[in-house]
Each structure stands twice: as structure tokens, then as C-alpha cells.
Amino acid sequence: MVPPSMLFETRETLIDDRARGCWVSYQSHFLSADESDRWLRRLAAELPFVAEAPVIFGKAIPVRRRSCALGEPGVRYRYSGIERVAHPWPDGFASLVERVNRAADTRFNFALCNEYADGEVALGWHSDDEDDLVRDAPIASLSLGATRDFALRLGRSGAACATVSLAPGSLLVMGGATQRHYQHRVPVRKRCAQLRINLTFRQMITR
Ligand SMILES: O=C(O)CCC(=O)C(=O)O
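Residues numbered from 1 in each chain as written. Predicted model: local features only at pLDDT ≥ 70, side-chain atom pairs only at ≥ 80, totals over all residues.

## Quick word on the overall build of the chain
The criterion, for reference: A run of H or I in DSSP counts as a helix once it spans at least four residues, and a run of E counts as a strand once it spans at least two, with each numbered from the N terminus. Three exposure classes are used. Buried residues have 20 or more other C-beta atoms within 10 Å of their own C-beta, exposed residues have 12 or fewer, and partly exposed residues fall in between, all C-beta atoms being placed from the backbone.
Counting its secondary structure elements, the chain contains three helices and 17 strands. Summarising its shape, the C-alpha atoms of the chain cover approximately 45 × 40 × 40 Å along the three principal directions. Looking at the 207 residues of the chain, the share that counts as buried comes to 37%.

Below, the structure is given as C-alpha cells:
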């Protein structure tokens, strides 16, 4: 499949790994500043965020990051010992989902929302490769609020091969086999004092 980055000039290609069938594209101004601000304020006020306690080596470790899930009725996502069942898309959200669908050339039925209160809240290296996800479906990541770095690396160890500062209103899309070959993370940025909300739109298997 041709990466969307090849089709739209406003997108930047961060990874175009044809040998492995992986690509990552980035669009800095997917939403206008005004839209992005409005969604940040609304989602911060309305979403039912709950604290995360991922299970690491069999033990639940509470972290400051909070999350919640949005999506179609009954869709759920299990990852790191956590289960998130989708709350309905908020009022007025359908047109935004439609825009994200068009940008990624797919139809998402779920979004995991992560809240980063400030730059101390981070997310370690991982791949989104759980059994609940449709294999090799794209994942589209919409960022609102504080700009935070997002790093990708090939394999499960070593240094980042690509890093991008995710601006408010930006859309990053990871496609093809990216989750099978690459990991990503949002590192700590101690000087960042602002709130960020990130939504990763996903295609979940419905049973
Ligand atoms: O916050 C981000 O930009 C990335 C979120 C992420 O990696 C995830 O939800 O799996």
C-alpha cells in the first residue's frame, strides 16, 4: 500500500521502511489551533479519565498517566493488564473521527485517550500489538495541548531512529507492519508544565 505521506504533500514521512512494510507519517496542522484548543478544553472537562496501573512483571504499578476509551458500543481493549471499555463518542465527535478515518484511509472504531498532566508523565517503549487490535491496521495519533516528543526505534532495544515533537493539533499515523517491528515512547520532559491529551484511534476486533 502507498503510504498516505506520498499522497499529501503536507505530510512528512518519518519512516518509510519498505523492506518490512512499515511507515509512519506526520502532519503538524491536522487541526487548526482553534479546533485543537477547543477539543482539549472539552475533553479535559468531559472525559472520564481513570488512573493507570500497568502490570509489569506480574505487579500492578500505579503511574500518574490517566486514560479512558471512546468508541463504538461494546468495543474494548486489553493491554498491560488493563481493560478499557469504550465510552460513546462525545457529541460532535463523529465528524472528527471521519476526518481521521479519511487521513488514515481506514475506519476506526475505538480511541484510547491518554492524559499527561505535565512533562513528568510519560509512556515507556512499547508496541501496540495486542490481540484485540486488527493486525497491521493503521493507528492514528491525535495530539492536543502541550507539545511532547515521540520517539520510534527499530526492534526492542537500542536508541531511537526517529523523534518528532508532536504539536497540538497534529496527526501521526503508524501504518503497515510498524507495530510488529518498531516500538514507540513518549519520554519525560521535566520542563513541560502543561497538560496534554493524546487520542490514538485504533481498529479493534469486535467479537
Ligand atoms: O501519547 C502519545 O503520543 C502516544 C500514545 C501511545 O503510544 C499509546 O497510546 O500507545
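That covers the picture; the talk isn't over yet.
## A look at the site of the ligand
Applicable threshold: The C-beta atom of each residue is placed using the backbone, and any residue whose C-beta lies within 6 Å of a molecule or strand is treated as near it. The classification used treats Ala, Val, Leu, Ile, Met, Phe, Trp, Tyr, Cys and Pro as nonpolar, Asp, Glu, Lys and Arg as charged, and all other residues, Gly among them, as polar.
Leu112, Asn114, Leu123, Asp128, Ser141, Phe150, Leu166, His184, Val186, Asn198 and Thr200 make up every residue found near the ligand. When contributions to the shell around the ligand are tallied by element, the ones reaching two or more residues are β10 (110-116), β16 (182-186) and β17 (196-202). Class assignment for the residues of the shell around the ligand results in five nonpolar, five polar and one charged.

## Here we look at the sheet that holds β16
How we decide: Only when DSSP finds a minimum of two bridges between them are two strands counted as paired. What counts as an axis is a line fitted to C-alpha atoms, over the stretch in contact for a helix, and the angles between N-to-C directions run from 0 to 180 degrees.
Ordered in space as β11-β16-β13-β14, the four strands form an open sheet in which the pairing is antiparallel. Only two strands of the sheet have a single partner each, and these edge strands are β11 (123-126) and β14 (162-166). Averaged over all pairs of adjacent strands, the angle between their axes in this sheet comes to 15°, without regard to strand direction. In terms of strand pairing, strand β13 (residues 148-154) meets β14 through five bridges, oriented antiparallel. Paired with Arg148 across the bridge in β14 is Leu166.

## Quick look at the pairing of strand β7 (residues 76-79)
Pairing analysis gives four bridges linking β7 to strand β8 (residues 82-85), with the strands arranged antiparallel. Bridge pairing in β8 places Tyr79 opposite Ile82. In this antiparallel pair of consecutive strands, β7 and β8, the connection spans two residues, and Ser80 shows a positive phi of 50°.

## A few points about helix α1 (residues 33-46)
Threshold: Here a helix's expected span is defined as the number of its residues, less one, multiplied by 1.5 Å. Working definition: the arc comes from the directions between the helix axis and the C-beta atoms, pointing outward to the latter. Think of it this way: build a C-beta for each residue from its backbone, and any pair within 7 Å is a contact.
Along its 14 residues, α1 runs 20 Å from first to last C-alpha, staying within 8% of the 20 Å computed at 1.5 Å per residue. For α1, the full list of buried residues reads Ser36, Trp39, Leu40 and Leu43. All buried residues of α1 lie within an arc of 105° about the axis, which places them on one face of the element. In α1, those exposed residues whose orientation departs by more than 90 degrees from the buried face are Asp34, Ala45 and Glu46. Buried positions along α1 lie against β10, β12 (139-145) and β17.

## A word on the nonpolar core
Stated precisely, the cut-off is as follows: Buried Ala, Val, Leu, Ile, Met, Phe, Trp, Tyr and Cys residues form a nonpolar core when they are connected through C-beta atoms within 7 Å.
Grouped together as the largest cluster of nonpolar side chains are 42 residues, with contacts concentrated most on Val100 and Ala140. Ignoring sequence-local partners within four residues, the contact set of Val100 consists of Phe108, Ala140, Leu142, Leu171 and Phe201.

## A look at helix α2 (residues 94-104)
Residues Val97, Val100, Ala103 and Ala104 constitute the buried set of α2. Taken end-on, α2 shows its buried residues confined to a sector of 120°, consistent with a single buried face. Residues of α2 that are exposed and point more than 90 degrees away from the buried face comprise Ala94, Ser95, Glu98 and Arg102. Buried residues belonging to α2 abut β12, β15 (171-176) and β17.

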